[in-house]
Amino acid sequence: MKFTCTLLCASLPAAMLLAGLDVKTFGAAGDGVADDSAALRKAAERLKADGGGTLDFPAGTYRIGTRRGGPVFDGVSNVRINFAPGAVLLMDNLEADGNGGGHGLTFRAPAENIELYNVSIVWKNRPRRRSMGDGLRFEGFPEDGKTLRSIRLENCRVEASAQTGAVLMGCSDVTVRNFTVKNSWADGLHFNACRNVTVDGVTGEETGDDTLAFVTYYAPEFTGKTGTVFSLPDLGEWNNSNSSAANIRSAGGRANGIRIAGAKDLKISNVEVEGKSSGIIVDAGAVGARHKWQYLAGRGIEIRDVKLRNCDTGFYVWQFNAGLDDPRFAGFDVKCENFAVSGCRNDSVHLSGVSGVRLKNFRTDGCRWRFRTFRDCAVEQAAIAGAPFLLIGDDAPVKLEESARLAANRTRLDGVALTGGMLEIQKCRGLDLRKVDITGTPAGAVFVRQTFDSSFREFKLAGINRENKPGTFAIRLLQSRGLKWDQVEVTAAHPLAAVFEIGGGNAKLRSGDITIANLAAVPEPTPPVRLQGGPFAPENCTVSSPSSD
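Figured I'd write up the structure that's included with this text. As the structure is a computational prediction, the values presented were derived from the model and not from experiment. (Residues numbered from 1 in each chain as written. Predicted model: local features only at pLDDT ≥ 70, side-chain atom pairs only at ≥ 80, totals over all residues. Heavy atoms only, no water.)

In this structure, V76 sits in the loop between strand 5 (72-74) and strand 6 (79-83). You can call V76 buried: its relative accessible area is 3%. The spatial distance from the C-alpha of V76 to the C-alpha of E112 is 7.6 Å, given a sequence separation of 36 residues. Once you skip the residues sitting within four places of it in the chain, V76 turns out to touch L47, K48, G52, A111 and I114. (Helix = DSSP H or I, 4+ residues; strand = E, 2+ residues; numbered from the N terminus. Buried < 20%, exposed > 50% of the residue type's maximum accessible area, 1.4 Å probe, protein only. Contact = heavy atoms within 4.5 Å.)

The structure is reproduced here in structure tokens:
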């Protein structure tokens, strides 16, 4: 029997083995009028002296009226905090100028085994602006023996905080379940330089910044100390690595539903975002004139089962420096699957200055796709309704005579369907496009300019030129070379001038080395190709189609 009890006790969290303490025994009134700050500090000191324990908040309103903020658990392990139904920590400690005057609950490393259940923290008055005041603050350090380890938050809630709802810095082995944040001035739930994080359930309403953020900054050498954010020199185990987040809901407010920067081996799933600047953003870049912080490109990022509505941009992967020369900032590894995006004002999907992004099973409605300065990307099975798809291989200005030397984009599209919008390609090289369906465009369907050494296979264009615009071509190829088209089927709502127009040449660049095989055009007799004439007419162009037999 003694052996059985030993095993049972060893399996329980240490806080459960210590006596529970009622905050009212330390003088907390819980009436919403008295200042309970001193009583709660005494309770935190008692837990530290006891080596941990359980702290219970009975139903009531526990007012923090001092500008020091709520209790600080400094180096205290084996802590369990329970809020009974109806228990609220009321932050009534704004500065005279209306800015935040301190945090709700703070936990400082080194410590382990910290559990919070049903904690509710509310600011009595909304702070004037973003300022000092996190609802829950965990000050760890990204190193074994110095970190905050084994943290659990369940059914916690923060409202109207001066800064974040909850911020965790340099923490390890974190579990968050059913976290709610409303009207925060900054992020809802923020992780910096953590590892082994599991999030299951976040609801953010009108957050002043990202609802959920996994952000670790970059610096050539490690910077940061306990109580500050951390910058790391490379992607490693403390870049919010080996982490996951599921069942995320975000509505309204500013910034993004989810932001990922400088992260490694992170999985995100079951997300719904509405009314944010970006539904989900994955970004990186070095310090510049417009950016004070820098972040490495995220790798091992997987995002799936996402619904984004009425945002400025739906899904955004962005490197905010020019070019793709530095893989530390441009070399992403991001896989996304099963996205539905609608009602965006700028872009449904936007990639800019990135490589290594793969998208699968996307459905978007009403707003364009844009790829700008990209490499080694892929799209598989995408349905794009009511908007165009723009592929701009190099967004920087390129001299016409140098455009034939553009670097290879090495990007593949397979199974893309556009309804009511055209495909536009500029300054690209090394594209592989196959199984592309374009339906119901007002005029033409495909526009290609200054693009080289690329393959286009199994294109079906149906019901194009529905507005009956004179002189319409289904596909225009201008100042482009080394293009191979195979299996192109075209039907038009109204007559076309020709299926293909090839030309646009001048003394610096002329179109040529273009092959078009297996071209079918209906209604006949639509001319298969019109070659622009003059001294810089296209050269070495060949066409085979049933209409030319």
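Following the structure, the description resumes.
With six bridges joining them, strand 33 (residues 423-429) and strand 35 (residues 446-464) adopt parallel strand pairing. For L423, the partnering residue across the bridge sits in strand 35 and is V446. The sheet contact formed by strand 34 (residues 431-439) and strand 35 spans seven bridges and is parallel. Paired with I438 across the strands is L461, a residue of strand 35. In this sheet, strand 36 (residues 473-478) lies alongside strand 35 in parallel orientation, the contact comprising four bridges. Across the sheet, residue V448 finds its bridge partner in strand 36, namely L477. Sheet topology note: the strand 35/strand 37 (residues 481-492) ladder contains nine bridges and is parallel. Bridge pairing in strand 37 links F456 to W485. (Pairing = 2+ DSSP bridges.)

The next subject is the side chain of T207. The residue T207 is located in strand 17 (residues 195-207) in this model. For T207, a relative accessible area of 0% gives the class buried. Among the polar contacts made by the side chain of T207, one reaches the side chain of T211 at a distance of 3.1 Å. Within the local environment of T207, its side chain forms a polar contact with the side chain of K276, the two groups lying 2.9 Å apart. In this view, T207 contacts V181, S184, A186, G188, G252, G253, R254 and K276; residues no more than four positions away in its chain are not counted. (Polar contact = N/O pair within 3.5 Å; in protein donor to acceptor, adjacent residues only side chain to side chain.)

With respect to the helices and strands, the residue T175 is situated in strand 15 (residues 171-182). Given the relative accessible area of 16%, T175 is considered buried. As a C-alpha pair, T175 and A245 span 70 residues in sequence and 9.8 Å in three-dimensional space. Those residues in contact with T175 that lie beyond four places of it in its chain are I151, R152, L153 and T198.

Across all of its chains, the model carries 26 aromatic pairs by this definition. Ring geometry for Y295 against F320: centres 6.2 Å apart, planes inclined by 85°, an arrangement best described as edge-to-face. Here Y295 is found in the loop between strand 24 (278-284) and strand 25 (299-309), whereas its partner F320 is found in the loop between strand 26 (313-319) and helix 3 (327-330), with 25 residues between them in sequence. Measuring from ring centre to ring centre gives 5.2 Å for W369 and F389, while their planes differ by 50°; the resulting arrangement is tilted. You can see W369 sitting in strand 29 (residues 369-375) and its partner F389 sitting in strand 31 (residues 389-392), a full 20 residues away along the chain. One exposure class covers both W369 and F389, and it is buried. An aromatic cluster of at least three residues, connected via ring pairs, comprises F315, F339, F362, W369, F371, F374 and F389. The aromatic ring of Y295 is capped on one face by R259, whose charged end is 4.6 Å from the ring centroid. (Phe/Tyr/Trp six-rings, centres within 6.5 Å; stacked < 30°, edge-to-face > 60°. Lys NZ or Arg CZ within 6 Å of the ring centre and 35° of its normal.)

Time to look at the pattern of salt bridges. One pass over the structure, following the stated rule, counts 39 salt bridges. Put simply, R108 and D74 hold a salt bridge, and the shortest N to O gap is 3.4 Å. Note that R108 is positioned in strand 8 (residues 105-108) and D74 in strand 5, a separation of 34 residues in sequence. Judged by its relative accessible area of 31%, D74 falls in the partly exposed class. One salt bridge connects D333 with R358, and the closest N-O pair in it is separated by 2.4 Å. In this pair, D333 is assigned in strand 27 (residues 331-342) and R358 in strand 28 (residues 347-365), connecting sequence segments 25 residues apart. In this structure, a network of salt bridges that share partners links the residues D74, R108, D134, R137 and E139. (Salt bridge = Lys/Arg side-chain N within 4 Å of Asp/Glu carboxyl O.)

Bringing the side chain of N465 into the picture now. Checked against the element boundaries, N465 lands in the loop between strand 35 and strand 36. Judged by relative accessible area, N465 falls into the buried class, the value being 0%. Side-chain polar atoms of N465 contact the backbone nitrogen of K469, separated by 2.8 Å. Side-chain polar atoms of N465 contact the backbone oxygen of P495, separated by 3.0 Å. Ignoring sequence-local partners within four residues, the contact set of N465 consists of T441, P442, A443, T472, A493, H494, P495 and L496.

Looking along the chain, the bond that leaves A109 and enters P110 is cis, with omega of 0°. Positioned with a positive phi, N240 is a non-glycine residue whose angle comes to about 50°. In this structure N240 comes out as buried when scored by relative accessible area, which is 0%. For N242, which is not glycine, the phi dihedral falls at a positive 50°. You can see N242 is positioned in the loop between strand 20 (231-232) and strand 21 (243-253).

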